[in-house]
Amino acid sequence: MSLGFEGRDTRRWAPYAFLSPFYLLFAIFCLFPVLFMIYLSFHIWNPAEGLGSMTWVGASNYRLALSDPQLWQSLWNTLLIALMSGIPQHLVALPTAYLLVKLGAKAQRWLSISYFMPFVSSTLAVSLIFYLMYSPNSGIINKTLLVLSEMSLTRWAFGWVPEAMPIRWIQDNYLIRYSISFVVFWKYVGFNILIYTAALMTIPKDVYAAARIDGANAWQQFWYIVLPMLRPFIFVAVTMTIIGNMNLFEESFVLTRGLEQATQGGMTISNYLYRVAWEHFDMGSAAAISWILFAIIALITYLYFHLFGHRGQDAH
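About the criteria used
- Residues numbered from 1 in each chain as written.
- Predicted model: local features only at pLDDT ≥ 70, side-chain atom pairs only at ≥ 80, totals over all residues.
- Heavy atoms only, no water.
- Helix = DSSP H or I, 4+ residues; strand = E, 2+ residues; numbered from the N terminus.
- Buried < 20%, exposed > 50% of the residue type's maximum accessible area, 1.4 Å probe, protein only.
- Salt bridge = Lys/Arg side-chain N within 4 Å of Asp/Glu carboxyl O.
- Axes fitted to C-alpha atoms, helices over the stretch in contact; angles between N-to-C directions.
- Parallel < 35°, antiparallel > 145°, perpendicular 65-115°, else oblique.
- Contact = heavy atoms within 4.5 Å.
- Nonpolar A, V, L, I, M, F, W, Y, C, P; charged D, E, K, R; others polar.
- Expected span 1.5 Å × (residues − 1).
- Polar contact = N/O pair within 3.5 Å; in protein donor to acceptor, adjacent residues only side chain to side chain.
- Bend = angle between axes of the 7 residues up to and from the residue.
- Phe/Tyr/Trp six-rings, centres within 6.5 Å; stacked < 30°, edge-to-face > 60°.
- Lys NZ or Arg CZ within 6 Å of the ring centre and 35° of its normal.

K.L.:
What exactly am I supposed to notice about unusual backbone geometry here?
P.N.:
Generally, phi is negative for residues other than glycine and the peptide bonds are trans, each holding for most cases. A cis amide bond, omega -5°, links Met-165 with the succeeding residue Pro-166. Even without being a glycine, Phe-281 presents a positive backbone phi close to 50°. Checked against the element boundaries, Phe-281 lands in the loop between α15 (269–278) and α16 (283–313). The class for Phe-281 is partly exposed, based on a relative accessible area of 35%.

The structure is reproduced here in structure tokens:
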């Protein structure tokens, strides 16, 4: 039996009807916010005064943001924190994953909880715990340093601690970057260990066996076999670290008590964006800053891909 015109038309449009909920949600929650942010970045707008208060200012928001010293200071803070937390993540995660694979499946099963738990924990909860640990007078970090300075075995290394107390880990503009970087490192190193562990398990055991027959020790196997074969995975992991660290917000916001202390050294560019938007209610400038941040992340990612991406893709 042949279908009529209406039947053929229904069958042609049926797939689009089933996909329409996705497209509708995508347009509302993804496409519209992006287009509205572009439009907003060329206006001055206080949301408390309604949409009718929007005033066209052209590129003035971008010029104002780029001429603000706080933007460049927050960008510098973000880059330093990204480097101080990102590089150690991979320097620790890769050898640790290699060691876990060598120890076998049982060790991986028992240790996976310990190194992956920080990643699945709430960022807010982790930051609050470290905020208490960094306390100058009652924090466990300063207390531990004092105990180590009094022990005979460690006095030689920590003898300077009593004179330096109280160490203001999150109140001092110089130390706050290191304090935030350690929290970010502690939270995300487990995620990279998981990536590298999965990547190492893709290397055939025959490769290791052939290397042992040729006389390669464990270090030579790691340096000449593992690292070259993991270049694609390293590239992906580092790219995610770059994007994530450049968007850093919660850790620095909590540790600086909502930007009330150590703001010169602890305020990231996302914190600066938040301050412009919700403290000064300048949504147009905040939108412009968000696009500046997008351009910076895109540029850094492009440069990283241009310098290292092709070597990572050609590793196999």
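K.L.:
Any chance you could explain the pattern of salt bridges here in plain terms?
P.N.:
When the charged atoms of two side chains with opposite charge come close together, those side chains can pair. Taken as a whole and assessed by the stated rule, the structure comprises one salt bridge. Salt-bridge contacts for Arg-275 lead to Glu-279; the nearest nitrogen and oxygen are separated by 3.4 Å.

K.L.:
Please explain the environment of Leu-103 as it appears in this structure.
P.N.:
Considering the arrangement of structural elements, one finds Leu-103 in helix α3 (residues 69–103). Owing to a relative accessible area of 51%, Leu-103 belongs among the exposed residues under this scheme. The spatial distance from the C-alpha of Leu-103 to the C-alpha of Pro-166 is 42 Å, given a sequence separation of 63 residues.

K.L.:
Can you help me understand the packing of helix α11 (residues 218–229) against helix α12 (residues 231–246) in this one?
P.N.:
Two packed helices can be described by the angle between their axes and the distance between those axes. Relative orientation of the contacting elements α11 and α12 amounts to 60°, with a least axis distance of 4 Å. Relative to α12, α11 is oriented oblique. Where α11 abuts α12, its residues Leu-227, Pro-228 and Met-229 lie against Arg-231, Pro-232, Phe-233 and Ile-234. When the residues that make up the contact of α11 with α12 are grouped by side-chain class, the tally is six nonpolar, no polar and one charged.

K.L.:
So what exactly am I meant to see when it comes to α3 here?
P.N.:
Working note: α-helix, 3.6 residues per turn, so residues spaced by three or four point in the same direction. Compared with an ideal rise of 1.5 Å per residue, which puts 35 residues at 51 Å, α3 spans 51 Å between its outermost C-alpha atoms and is within 8% of the ideal. Capping of α3 at its N-terminal end is provided by Asp-68; its side-chain oxygen lies 3.0 Å from the backbone amide nitrogen of Gln-70. Immediately beyond the C-terminal end of α3, within one or two residues, lies Gly-104, with a positive phi of roughly 105°.

K.L.:
How should helix α4 (residues 105–120) be read in this particular structure?
P.N.:
Across its 16 residues, α4 extends 22 Å between first and last C-alpha, which sits within 8% of the 22 Å expected from 1.5 Å per residue. Of all the bends found along α4, the most pronounced is centred on Leu-111 and spans about 40°. Turning to α4, its buried residues number three or more, namely Ala-107, Gln-108, Tyr-115 and Pro-118. Taken together, the buried residues of α4 touch α3 and α9 (176–200).

K.L.:
So what exactly am I meant to see when it comes to the packing of aromatic side chains here?
P.N.:
How two aromatic rings sit relative to each other is given by the distance of their centres and the angle of their planes. Taken as a whole, this structure holds 26 aromatic pairs when the rule is applied. Their ring planes at 5° and their centres at 5.1 Å tell us that Phe-235 and Tyr-304 sit as a pair that is stacked. In this pair, Phe-235 is assigned in helix α12 and Tyr-304 in helix α16, connecting sequence segments 69 residues apart. Looking at Tyr-304, the relative accessible area reads 13%, which means it is buried. Among the aromatic residues, those joined into a cluster by ring pairs are Phe-130, Tyr-134, Trp-169, Phe-182, Phe-185 and Trp-186. One cation-aromatic arrangement involves Lys-102 over Tyr-208; the distance from NZ or CZ to the ring centre is 4.2 Å. Looking at Lys-187, its charged tip hangs above the ring of Tyr-188, at a distance of 5.6 Å from the centre.

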